[in-house]
Every structure is written in C-alpha cells, then in structure tokens.
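Overview (structure and organization)
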Amino acid sequence: MLSGVAKRKKKKIEEEQKKRQRGALQKFLSGSRPTGVNLLESAEPEAETSPETRPEDGAGNAVEDAVAPSTSAPSQTDKEPLDPERVLASYPSDPAKWDQIDDRMREYFALNNPCQNIGDFSASQRKYGDINRSLTKEHFFRKKLYGETLSRKWLVYSPSTGTVFCYCCKLFSIRDNQFVTGFNDWKNCANRLHEHENSMDHRTAYSNRSLERAYWLNILKRIVATIQFLSSRGLPFRGDDELVGSPHNGNFLGCIELISRFDPLLSEHLARYGNKGRGHTSYLSSTVCDEFIQLMAKKVLHAIVKEVKDGKYFSIIVDSTPDITHVDQLALIIRYVLRKSGEPVERFLEFIPLHGHAAEHMEETLKSELKELDIDLMDCRGQNYDNASNMAGKYSGLQARIKNKNPNSDFISCSAHSLNLVGACAAECCLEAISFFGFIQNIYNFFSASTRRWEILTAHLTKCERGLTLKSLSSTRWSARADATKALRFGYKAIQDALNEIKVDHGTPRAAQYEASQLITVMETLETAVMTYMGQARNDFDVYEAEAQTPTATEGYKADSQRRRVKKVMFGESAGPEVRRSGREAFLIDTHYVICDCLSQELKQRKDAYKIVEEKFGFLTKTKSMNIEQICAATEKLKKIYPQDLEEDFTAEFCQFISMVKDEESVTAMYKKLLELGLRYAFPNVDICLCMYLTLPIANCSGERSFSLLKRVKTYRRATVTE
C-alpha cells in the first residue's frame, strides 16, 4: 500500500503527463493547419480496398480513407536511415510497454496498425468463482445485424499483462478509460467492448487518428510523385544543401517548393516541418528519397520478372563497359514477349560489377543473378553478345558455356556489331584505304582547329544544296565514317575552294597555309577522288572513275607521273621481260578489287552466323512462297528440335493457322492476330512457336544504350562519395 504522499506524487506525475499530451494533440489537430482544407476529402482513396485494410470508425463501421502505399514506410527522422529492428525496439507490439508516448510514435501508428498479438491468450486467464475465463479470438471481431463480420483493428492484446488495450484511445484520447490502462473483465467483455466502441471518447480518438493518417498520406503522395518524376527522367535530386528556401537545395526540394505555391497543404507542411533538422519527421530528407528510389526500383524489377514468367520464354543480352571508377559493369538485358499485346520488348535489369573478364566468371555471375531473380535459365531461347572472344567464343566463350547448360539457347551475333566489323575490315584491307580515311580525319582536324578556318569552310559549304558539314571519324561506329565520306563526296569542290582561300589568306599562319597546300595536293589526285566516289559494285569502276574526274580536273593517276624504277639485273639472273602496270591498273587491282572482295567475303562470313536461326524458323517468314509439303517438313523439323516444347499436333495446328492469317506481313503481326482473335488456347503449339521466335534478339543495342545511362548515374561526383 502506498502512503498518502506517494499517492499524491503519483497522481501529480500522471496529471502532468496528460497535460503535456493534451497540449501536443491540440497543437497538431488545430491552430496552424490551413483552414478550408478537408484532409479526409483531399486524400484520394485507392480504386479498391479490402475489408482487412479498410479502417473503421468507433462503432466498427468501415469508413473510406486513403490507403497507405503497399510499402508503408514508418515515420523517419531526417538524415536517419530506416532500420526495422530499431523501429521494433522503439515501438514494441505490447501496448503495456508504451511508456513514453510522443508525436513521433503517434505519427508511426497513424500510418501503421500495430500487431494485435492474436494467438496465445494464456496470460489473460482469470477465475470467477469456480469458472476460469480468458480472452478469445471472437472478442477481436464484431458481427453486424445483417451478418457481416468486422474486425476490431483498434483492439490490441498485451501478452505481458494479459489485458487488452484500445491503441487509438491510448495514443490520441485526452482522458483515461479502462481500455487505456488495460481491460481484463472477461465476464462482461462483450458488453464493455460494445459500450467502448460506441463511446464519444473512442470515436473522437479514432477520428483523430484518421485525420493524422490522412495528413501524412497526402504529404507522402506529393513527395512520392515528385521522386517518381525526377527518377524516371534521370534528373539529379540533391544540391549543395538541403535547406528549404535555399536556391541551391537541388531539384527535389525545388520541385516541392514549386508545388507548395499552389498547394496549401504542402505549403503549410514546409512551414511547420521545413529545416527542423534531425529528430523531426518531415519526409523531406535525402535519406527518404534514397529509400523511395530503392522501393520503386524493386517494384519495377518485380514487375519485369513477373512479365518474363508470364511469357515463359526469353533471351539474354549481355555487354560490359568500365565506369568512371574503372570497375567493369555488366549490363543485363532480357528480351521477352508481352502476353497481352504480343509485342516483343527488351528490358534492362541492372548493372552487375565484374571483377574478371574470364568466360567462366561471367557465366557464374549471370547464373547467380538469374537464380536470385527466380528466372529459370532452361527457358532461355537466345543469347546475344558482341563479337568479343570471351563472350562469342565458339568453344570456351560465354555463349558456349550457357549452351552447354541449355542446348536450346542459340547464340545470335549482334547484327549491328557484325555490320560495323564488315566496314571496319574493308577500311583496313589495303594501304590506300587506310591512307584515305586518314586524309578525311586530317581534313576535319585542320578546319576544326581554328574558328576562322571553320568559318571559311562553312561559307563555302552553304553554297551546296545538301547543307553539308565535315564529320570526324569514329573508331567504333562505322556510320560516322560513312557520314564523313558523304560530306567529302558532295562537298568536294567547296572544300577545295576553302583550302585555296586559306592558302592565300594573309591572316593565316604560315604553317596553316602550308598544311592547306598539302591537303590540296592530295585532293587533286585521282586516287583520292575515286576512293570518295567508289561503291561496292566490283564491275562499276569505270563509272566511279568518270565521276571522280570532274572535281579533280585530271585524267591521270599519280603513279603515271612518277619515274619508274628500273630493276637492276644481278649477276646470274636472266633479264626476262618486266611486267609493267599503269597507274589505273595498279589502283584497280590493288585497291578497288581488294576492297570489294573484302566487303563481299565479310558479308558472307557474317551472314553464315545466322544460318542456325534460318534453318529453324526461316519458314515463318516464307509461308506465302511455300507449298503445304514444304511447310509440313519445316514444322516437323522444328518439332524434333524442341521436343519438350512442341507437341505432335503442331504441324496440323500451324497449317490451319496459316490459312487464317495469310494476309499478315510479319511474324509479329501473326502473333498479335492470334491474341486478338482469342485463339491462343485453340493453337497452343503455334503460340509457343511464335513466342520463341519473337524472343530471339537481333542486336545488343539495348546494352549499348544502357552505357549512356551509366554515364548519367556514375558521374565523377557520385563516384567520389561512399554510397
């Protein structure tokens, strides 16, 4: 028994605590909050809410309220990362252990319902005479007159005391009741629960909780929308500081401030919580942005994986490049067919840091990543890499190792890389070709080295009808060489005139005048002009030569004007007749024929890489020119290649299906027609065949495009911070 003094001290402490809580609650619910803003109305409800997640009013009736995001984040302080263990340690599920109730705790449980601890109720047992009574699961539900059963989400069991609490009243009520201190009168429990949930204090506390929940949900919707906007466009979030009102606070806070000009709720939020610092919830810190970005990334990745599993068959596209920190990043792209639209898509999954370029290391990295994503490698039907030996090697490359695991994963060389290599090989097949492209680069370097020279060149090129400009070469992109050659061909006379003007210009340095005269000398040779006009037709050399003679105003080759070297006959050698070739014959044989033959040979060699796919699925694009016997033979052959995927009825199915889509021009159009007519289940084997074909990748351009995004993510500044 406490003494009178101790009782008075205890009562005084409790009154002071209630007084502090009462003041904090009134401050939050009234005062500075903007007038005329109905929080419950401004919170847009989701399209569907299940009875389990729908809140109830004090009488147990379901009310429409804003639904928390699927990944409801707890209240978090600025500059402080989310730690579930810390949250659980700070806010235990046992309401009897909620010793210090503050605004932060109220904000957390306004967005997150506490655990009701339904299960073992042995600690709640009480004896009424000879009868033992305890809490039961039925007490957590209420049955309405028309039979609907509603859950009492507000009721929480305390395993430590064996009592139940109303967590809404404990957190938001300004007066004590038996459900705030702990209720355990199980004999009259049904009546007391009914009285409490229909009491004014409970309804007021529950309404306060709903108001606070709606407030933070509306704030989170605005913040999440801003984060989604910036991240989807790859824009930076942070600035030099994180102060509201600062012109250097970055795009995120800048967008929030812009929205707040037209949004009273967000404007009041910035006024109340902006620049509060550590220990105050605002959802405006960079830590919150990082967490939401990670949650969005996981959501997007989960959606992609789900689409892959729905489509079943897929292909992988892999490429790697070093980032600014000199770490090799492996880009993983996956290609599959959308089951609803029939459209083949290529999705970027992620960058994977590589610590070795060996094929076995890349194989293990790729297999572990697919396993982590729960994607079955045996459903892979295609691989697409560049022509590096560690990836495209026929015996020990990555494609060979993946094919050993899954024989149906055919390797398809990147068509863009292959075509680029065709041009690169032709450009380096003879000395004349190497010299020609070196001359083109020298022309560009000469004019781009001075703004005055570039101005003179531009003035002459504007007279051309095509609006040309000189281009620089690229070591990896053949199209850049084609553009540079095109500019020289159609601007040949204009470039010559610009060089002649610079040669006699008194304001130009002597070294530049001399370099211009040397370039003019090269351009006046017929060899250079013929190289500019030459095409890939081996027997059209006369046409190219005639076109090249116009800008050069000469008909002879350089070799014809040079003194021929007479070979000295040594002692013991016979003085046989010496074969002499003209300049035209030497250029024709040593340059023109070599380049054309190299182009032809390289194209044939690169085309052979696609024979496997052509032999399997080539009939899909030739059905209009094939008779029924040829189609049946092709389908029977494909059925033997994929016995685990195609059934015996495939041939009959395909023959009937072809008659229904004979007007479609492409395989993609055929598959979309199959889905449009709802015939997927009527022709299941045709569906599988078309899906496997459409998943085959053509090029790994998606991997190359991801490298451009890597430059945006791994900037110099981001590479120097530890995150």
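First, a word on what this report is: a plain description of the structure on this page. Just so we're clear, the structure is a prediction, and the values are computed from it rather than from any experiment.

**Considering the overall build of the protein**
Per the secondary structure count, the protein includes 31 helices and 11 strands. For the protein, the proportion of its 723 residues judged to be buried stands at 44%. Within the structure as shown, the protein displays about 39,900 Å² of accessible surface, and the carbon and sulfur contribution to it stands at 52%.

**Comments concerning the state of the cysteines**
Applying the stated criterion to the full structure yields zero disulfides. Left unpaired, Cys-655 is separated from the closest cysteine sulfur, that of Cys-632, by 3.7 Å.

**What to know about the pairing of strand β7 (residues 314-322)**
Of all the nine residues making up β7, seven are buried; the element is thus mostly covered by neighbouring parts of the structure. Following β7, the chain reverses through five residues before pairing antiparallel with strand β8 (residues 328-337); His-326 in that reversal takes a positive phi of roughly 65°. Where β7 lies against strand β10 (residues 380-384), four bridges are found, and the strand directions are parallel. Within β10, the position partnered with Ser-315 by the bridge is Gly-382.

**What about the sheet that holds strand β9 (residues 344-354)?**
With mixed pairing, five strands are arranged side by side in an open sheet as β9-β8-β7-β10-β11. Each edge of the sheet is formed by a strand with only one pairing partner; in this case those strands are β9 and β11 (410-411). As judged from the nine bridges shared by β7 and β8, these two strands associate in the antiparallel manner. Within the sheet, the bridge partner assigned to Ser-315 lies in β8 and is Arg-335. Sheet contacts for helix α11 (residues 286-311): β7, β8 and β9; angle to β8, the most-contacted strand, approximately 45°.

**Some words on helix α26 (residues 628-641)**
Its 14 residues give α26 an end-to-end C-alpha distance of 20 Å, which sits within 8% of 20 Å, the value for a rise of 1.5 Å per residue. Of all the positions in α26, only Ile-631, Ala-634, Thr-635, Leu-638 and Lys-639 are classed as buried. The buried residues of α26 occupy an angular sector of 140° when projected down its axis, which confines them to one face. Exposed residues pointing more than 90 degrees away from the buried face of α26 are listed as Glu-629 and Lys-640. Contacts from the buried residues of α26 go to α25 (611-617), α27 (650-660) and α29 (684-695). Two to three positions downstream of the cap, the backbone nitrogen of Glu-629 sits 3.2 Å from a side-chain oxygen, assigning the N-cap of α26 to Asn-627.

**A short note on the packing of aromatic side chains**
Overall, the coordinates contain 23 aromatic pairs when judged by the stated rule. Measuring from ring centre to ring centre gives 5.6 Å for Trp-216 and Tyr-283, while their planes differ by 65°; the resulting arrangement is edge-to-face. Placement of the pair is Trp-216 in helix α8 (residues 200-232) and Tyr-283 in the loop between α10 (264-273) and α11, with a sequence separation of 67 residues. Per residue, the accessibility class of Trp-216 equals that of Tyr-283, and both read buried. Through successive ring pairs, a cluster of aromatic residues spans Tyr-91, Trp-98, Tyr-108 and Phe-109.

**What to know about the nonpolar core**
Ranked by internal contacts, the top residues of the largest apolar core, which has 41 residues, are Ile-443, Phe-446, Phe-447, Leu-488, Ile-495, Leu-499 and Met-523. Examining the composition of this core, we find that eight residues originate from one element, helix α16 (residues 431-448), more than from any other. If we skip the residues at most four places from it in the chain, Ile-443 touches Leu-470, Ile-495, Leu-499, Leu-519 and Met-523.

**Section: the packing of helix α12 (residues 359-372) against helix α14 (residues 398-405)**
In the contact formed by α12 and α14, the axes pass within 9 Å of each other and the chain directions differ by 50°. One finds that α12 runs oblique with respect to α14. For the pair α12 and α14, the crossing hand works out as right-handed. The segment α12 lies against α14, with Ala-359, Glu-360, Met-362, Glu-363, Leu-366 and Lys-367 engaging Leu-398, Arg-401, Ile-402 and Lys-405.

**Remarks on unusual backbone geometry**
Its identity as a non-glycine residue notwithstanding, Asn-117 has a phi of 60°, on the positive side. For Asn-117, the location among the structural elements is in the loop between α4 (103-111) and β1 (126-128). By relative accessible area, which is 15% here, Asn-117 ends up buried. One non-glycine residue, Lys-312, adopts positive backbone phi at about 70°. With respect to the helices, strands and loops of the structure, Lys-312 is situated in the loop between α11 and β7.

**A word on the pattern of salt bridges**
Side-chain pairing between opposite charges can occur once the charged atoms of the two side chains come close. Per the counting criterion, the structure on display carries 25 salt bridges. In this structure, the salt-bridge partner of Lys-309 is Asp-374, at a minimum N-O distance of 2.7 Å. Taken together, the residues span a long stretch of sequence, with Lys-309 in helix α11 and Asp-374 in the loop between α12 and β10 at a distance of 65 residues. A relative accessible area of 44% means that Lys-309 is categorised as partly exposed. Judged by relative accessible area, which is 52%, Asp-374 ranks as exposed.

Parameters at a glance
Residues numbered from 1 in each chain as written. Predicted model: local features only at pLDDT ≥ 70, side-chain atom pairs only at ≥ 80, totals over all residues. Heavy atoms only, no water. Helix = DSSP H or I, 4+ residues; strand = E, 2+ residues; numbered from the N terminus. Buried < 20%, exposed > 50% of the residue type's maximum accessible area, 1.4 Å probe, protein only. Areas by Shrake-Rupley, 256 points an atom, 1.4 Å probe, with all protein chains shown as cover. Disulfide = S-S within 2.5 Å. Pairing = 2+ DSSP bridges. Contact = heavy atoms within 4.5 Å. Axes fitted to C-alpha atoms, helices over the stretch in contact; angles between N-to-C directions. Expected span 1.5 Å × (residues − 1). Arc of directions from axis to C-beta. Polar contact = N/O pair within 3.5 Å; in protein donor to acceptor, adjacent residues only side chain to side chain. Phe/Tyr/Trp six-rings, centres within 6.5 Å; stacked < 30°, edge-to-face > 60°. Core = buried A, V, L, I, M, F, W, Y, C linked by side-chain atoms within 4.5 Å. Parallel < 35°, antiparallel > 145°, perpendicular 65-115°, else oblique. Left-handed = near helix turned anticlockwise from the far one by under 90°. Salt bridge = Lys/Arg side-chain N within 4 Å of Asp/Glu carboxyl O.

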